[in-house]
Amino acid sequence: MMVPPVWIISISLILSGSIVFGDVLRENNEIDAEIDVTSLSSDDHTRSRRNAAPPSWAHSAADRTKCTNITSYHTAPATEVDTRDRLDSLRRAMSNNGLMNKNGPIEAYIIPSEDAHQSEYTADYDKRRQYISGFSGSAGVAVVTRYKAALWTDGRYFLQADQQLDCSWILVKYAPSIAQWLNSELTRGGRVGVDPTLYTWNAWNRLSKSLRNGIKLISIQKNLIDAIWPVKERSYEPNSTIITMPQRLTGMSWWNKTSKIRKMMKNAEVDAMVLTDLTDIAWLFNLRGADVPFNPVFMSYAIIEMNRVRLFIKHKTERLSNPNLRWHLGLVNPDGYCPNIAESKCVEVVDYNRALNEIDRVETLPGINKIWVSPKSNYAIVNSILEHKRYLLDTPVALMKSVKNPTERRGMAEAHVKDAIALIQFLTKLEREVKEGKYWTELSAANVLEKYRREQPDNKGLSFGTISAAGPHGAIIHYTPTNITDREITNKEMYLLDSGGQYLEGTTDVTRTFHYGEPTPWEIETYTRVLMGSINVAMAVWPVGTLGRELDIKAREPLWSVGLDYRHGTGHGIGAYLSVHEGPIWIGSGVSQGGDDNALMEGMFLSDEPGYYEDGKFGIRLETILMVTKAKTKHNFGGDRYLTWEPITLVPFEPNLINYSMLSQDQRKWLNYYNERCLSVIGNELKRQGHLDAYEWLRLRTKKISEAAIFNNSNNFRAKWTFIVGMIVTIVLSM
């Protein structure tokens, strides 16, 4: 048989390709026709107290499906928390002009999620919003009036909140804002109570300016939730051991860090700096604790002056009994005082409860004309400083912390290797046993994975609660499995696993989505589109000075192109044995109201995590930690320098869910590079440690993608058959 001419092969391949892409388009159109694309705006069912026409966002508890015509709380789902007695107690406290509320009656009370340091994860002792509402998600604000209770949270938690809130509560989605709601609910001159330590200066002022009709924010010094929360039902105040971090892990001593900060203070012409963020303080002093879940921090404030450094901690006497901590801070005795107040290598330790008074006194000291304080600090702290002495600007510590030094970069890479070893061993076991029909659930998977992580050297626990979500639970973006919600992991539906660990060297956060059976064409397409977005971000090259949010469109474009999207950011910063969500950098749509809008810089670590979610069906998220590094570009327009990413997470994606024909040539090239790196770095380590079954699991998922393999992809039957048809046509035409 003679070889067909080139022109015949070309015509045949074009014909074959047109069939493939025509089929793909028809599949997309057929699937899109089944998607409900109705408006996301809230229903309009209720009238305001003034009997005026209801605004378009008016809500009531009856708007929630399970609360429509409800007649008995005995039919409530097991996940729901009955908060009626708690709300009654709070409303009495709001009206009481006595021991519980010395500020006089208030018509509304705001309960945020955060502690006095605006921590993302709070100690059980500080979970006031969860206590009053029953909603356990990490983000949200509750507002209680004399007659109503409402909860605001973001799209990650809509399903979870609806399941946990009882029918005393209104769940607000998208609109109105808290200010709009209060303006419509309260009469003229209404008083809204807030604990000033739990609201940032920025948030307080934004809310205050948005209130109308003489409605005012009132600073409630004694927290009303604390007043009604029975001691026997509340956890103890945290008192973890504070550990010191050696310079071999931090790369810089705390006194060198404070020296750099003092130079910045001098340039800004300020005389003192107040720090309130727990991760900033832990990083600055090279200390770690465990006062809040998952983040290795301790409750503290700090004041830096040109010749004095003070650290305010809880349980001072008990903690300073540790000689290692005293030596690290340059203290001779456990009283917390420096032998010489101007000693550059000594930190004065003061009781935490004195922080507010000491900050108030700093401005009266000779030579203190300006005090640097972040507007993200709590309102009580900022308000304690005279207005003309405030230098209101984000402190430089957060940005310094986000740019990892060479030692921290090596540590982060080491932590992610350890984490990949643990995760791949677990995934090998999970997939094998699920396919064998053995019984696995979301909780058992999360518990076994934690065991694998804790076996790794220098593991310090989890970096957040594992999101182990089977089937429809994957659509709850920040789902947490419980004994009540625990669902079996099978080969019939998708499984989303978002998890991470804390290691002395660094913090990890990785998400992968799986299907251990036969996924549907729609599941394959949506997974592939999410993967395309993830790769788009990872391949990006940009000039120095580019903001993280400017890369967001790269992740969403493969979804947007067919009318899909996801309701969360695309990326967040991550700490070096610190917070799993670290500012002041991010990748997302819109503009940050918190001021975290900084350019990406070499040495920063961020997540790359697009997703797609269908309520009641499945969820997909792919999260890889990337490090900003220098890019080698062919040209150098205008003398600008260019940056790109280096992947730090080394865990392969799920081939069973990838339609390779949808990927561009560049995307396939990047995926081959990534797979090769996973096999080279993690595969070699797995073999060295004797985990041969895990190595084989990894090897099978990191095979090189050839052009021919695209048409042999088991998930792309139409492409395979049209390729065969094309080759038959070629042979026939050549005869």
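In what follows, the accompanying structure is described. Bear in mind the structure is a predicted one, so any value in this text is a computation, not a measurement. The written sequence of each chain sets the order in which its residues are numbered from 1. Reporting in this predicted model follows two pLDDT cut-offs: at least 70 for local features of residues, and 80 or more for side-chain atom pairs to be given and counted; totals over whole chains, interfaces and linings ignore these cut-offs and use all residues. To get the side-chain values, all heavy atoms of the structure are used, and hydrogens and water are removed first.

Glancing now at the overall build of the chain. Tallying secondary structure elements over the chain gives 23 helices and 28 strands in all. Residue exposure (1.4 Å probe, protein chains only): buried if accessible area is under 20% of the type maximum, exposed if over 50%, otherwise partly exposed. Across the 735 residues in the chain, those meeting the buried criterion constitute 56%. Pairs of residues are marked as contacts when any of their non-hydrogen atoms sit within 4.5 Å. Within the chain, counting contacts between residues at least 6 apart in sequence, those at least 24 apart form 70% of the total. In the form shown here, the chain has an accessible surface area of approximately 32,100 Å², with 53% of it arising from carbon and sulfur atoms. Helix and strand assignments follow DSSP, with helices taken as H or I runs no shorter than four residues and strands as E runs no shorter than two, numbered in order from the N terminus. Accessibility throughout is a Shrake-Rupley quantity obtained with a 1.4 Å probe, and a residue counts as covered only by protein chains that appear here.

Note: two strands are recorded as paired if DSSP finds a minimum of 2 bridges between them. A sheet is described by the order of its strands in space; here 6 strands give the open sequence S12-S11-S10-S8-S13-S14, paired in mixed fashion. Of all the strands in the sheet, the pair left with one neighbour each is strand S12 (348-351) and strand S14 (390-392). Going across the sheet, the axis of each strand differs from the next one's by a mean of 20°, ignoring polarity. Bridge count for strand S11 (residues 309-313) against S12 is 4 bridges, and the pairing is parallel. Following the sheet pairing, leucine 311 is matched in S12 by valine 349. Of the strands in this sheet, strand S8 (272-275), strand S10 (300-305), S11, strand S13 (371-373) and S14 are in contact with helix H9 (residues 254-268), which crosses S10 at around 60°. Here helix H13 (residues 355-362) sits on the sheet and contacts S8, S10, S11, S12 and S13; the angle it forms with S10, its principal contact strand, is near 20°. Axis definition: a line fitted to C-alpha atoms, over the contacting stretch in the case of helices. Angles run 0 to 180 degrees between N-to-C directions.

The definition used for a disulfide is geometric: two cysteine sulfur atoms within 2.5 Å. This structure, assessed with the given rule, holds 2 disulfides. One disulfide in the model links cysteine 67 with cysteine 167; its S-S distance is 2.0 Å. Disulfide cysteine 67-cysteine 167: torsion about the S-S bond near -85°, hence left-handed. Within this pair, whereas cysteine 67 is found in the loop between helix H1 (6-32) and helix H2 (84-95), its partner cysteine 167 is found in the loop between helix H4 (158-164) and strand S4 (169-172), the two being separated by 100 residues in sequence. Two residues share a disulfide in this structure: cysteine 338 and cysteine 346, whose sulfurs sit 2.1 Å from each other. Disulfide cysteine 338-cysteine 346: the torsion about the S-S bond is -100°, which places it as left-handed. Accessibility assignment for this pair places cysteine 338 and cysteine 346 in one class, buried. Taken in sequence order, the bonded cysteines of the chain link in the pattern 1-2, 3-4.

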